[in-house]
Amino acid sequence: MTIAQPKRIAVRPITQHTWRHGGLFGPTARRQVIETAAGTAHYLVVGSGPPIIFLHGLDASVRWWNPTIRVLSRHFRCFALDFMTFDYWRERSRVRLPQSGDFVAAWLQALQLDRTHVIAHSMGGYSACQLAIAYPDLIDHLVLVAPAITEQRRLYLHELRQLGPFAWNITPTFVPIFVGDSLRTGPVRWWRAVQELQQAAPLPLSNITAPTLLIWGTRDPLVPVTRSANLQRQIANSRLLLLRGARHVPMYEQPDAFNQAVRAFFAGEAVGTTVDADQTRSV
């Protein structure tokens, strides 16, 4: 596809009011809006260095990446995309899952980013894999955190019933963000996104060529760790790191281990184990 150049860009600083649940990232942090060939992109940008983009999952926002961005923005230029934007709790726009990979590619083109690291969580993992398959030259390293990528539709519906137990077992510092994003999204938008995932076409994951790290919590109730081995086998030369005791949001539940693993992987170090390893290492 031909991706047009950005039409305009509007910038406003992040203030304590707009980021009150996550703390400040410093004076260089900005909320930005840019027009792309695929639509309007709303995102957070902070830090300096090689670029990283962050793709959140269902019922989420850029705030789910707070502990990771605080650390990585000291070494990287971090861009966190919001797939859904609101104005006074009313939905302004939403990127639909089938078009999300193309939307991210258009966003990167508008930002004039020729190549970047990618970190994606849960349903955002589907978008990241779309991007990696269709636009391989755009991705340097790919990190998939409990990616919601499956061909077992009925099994996934059954596992969604674990949302209740998940909500009762999240880390305390994450509670305000989880509750706020859940209320803002609402059940109708949430169910609409779930249906898109269930109806999404299977991805040819074997076509992913970027160095890939899979990170999974061993106690994830929403996207069970039992899926990790099959997914790893489909992505050539991928590595798998299990975080012992973590659930579905390991970047909040075990931020030190998570951030250390990501930094090491981006530096070219061997993190986790390959599919041929006798036993997957967990930390």
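What you are looking at is a predicted structure, and each value in this text was computed from that prediction instead of being measured.

Reading the values: rules and limits
- Residues numbered from 1 in each chain as written.
- Predicted model: local features only at pLDDT ≥ 70, side-chain atom pairs only at ≥ 80, totals over all residues.
- Heavy atoms only, no water.
- Helix = DSSP H or I, 4+ residues; strand = E, 2+ residues; numbered from the N terminus.
- Polar contact = N/O pair within 3.5 Å; in protein donor to acceptor, adjacent residues only side chain to side chain.
- Buried < 20%, exposed > 50% of the residue type's maximum accessible area, 1.4 Å probe, protein only.
- Contact = heavy atoms within 4.5 Å.
- pLDDT = per-residue confidence, 0-100.
- Phe/Tyr/Trp six-rings, centres within 6.5 Å; stacked < 30°, edge-to-face > 60°.
- Core = buried A, V, L, I, M, F, W, Y, C linked by side-chain atoms within 4.5 Å.

Details of the side chain of Glu35
So, step 1. Examined against the element boundaries, Glu35 turns out to sit in strand β2 (residues 30-36).
So, step 2. Of the polar contacts made by the side chain of Glu35, one reaches the side chain of Thr40; its length is 2.9 Å.

What about helix α2 (residues 100-110)?
So, step 1. Of all the 11 residues making up α2, 9 are buried; the element is thus mostly covered by neighbouring parts of the structure.
So, step 2. If you check which residues of α2 are buried, you get Ser100, Gly101, Phe103, Val104, Ala105, Ala106, Trp107, Leu108 and Ala110.
So, step 3. On its buried face, α2 sits against β2, β3 (39-47), β4 (51-55), β5 (77-82), β8 (116-121) and α3 (124-134).
So, step 4. Once α2 ends, the next one or two residues include Gln112, with phi positive near 60°.

Structural notes on the confidence of the model for the protein
So, step 1. Looking at the protein, the pLDDT average stands at 79 and 70% of residues meet or exceed 70.
So, step 2. Averaged pLDDT values over the elements of the protein bottom out at 42 in strand β1 (residues 9-13) and peak at 98 in strand β9 (residues 139-145).
So, step 3. Of the regions scoring below 50 in pLDDT, residues 1-23 engages in 52 contacts with residues more than four places distant in sequence or in other chains.
So, step 4. Contacts of residues 152-157 to residues separated by more than four positions or lying in other chains number 12 contacts, the stretch itself having pLDDT below 50.

Remarks on the packing of aromatic side chains
So, step 1. The full count for this structure, using the stated rule, is 5 aromatic pairs.
So, step 2. Plain terms: the ring middles of Phe54 and Trp65 are 5.3 Å apart, the flat faces sit at 55° to each other, and that makes the pair tilted. Of this pair, Phe54 sits in strand β4 while Trp65 is found in the loop between β4 and α1 (66-72), placing the two residues 11 residues apart along the sequence. Each member of the pair, Phe54 as well as Trp65, is classed as buried.

Examining the nonpolar core
So, step 1. Within the largest apolar cluster, 49 residues are counted, with the highest numbers of intra-cluster contacts made by Ile53, Leu55, Leu81, Val104, Trp107, Leu131 and Leu142.
So, step 2. The element that contributes the greatest number of residues to this core is α2, accounting for 6 residues.
So, step 3. Other than its neighbours up to four places away in sequence, Leu142 contacts Val118, Ala128, Ala132, Ile208, Ala210, Pro211, Thr212, Leu213 and Phe265.
So, step 4. Counting 35 residues, the second largest nonpolar core, distinct from the first, contains Phe54, Cys78, Leu243 and Val271.

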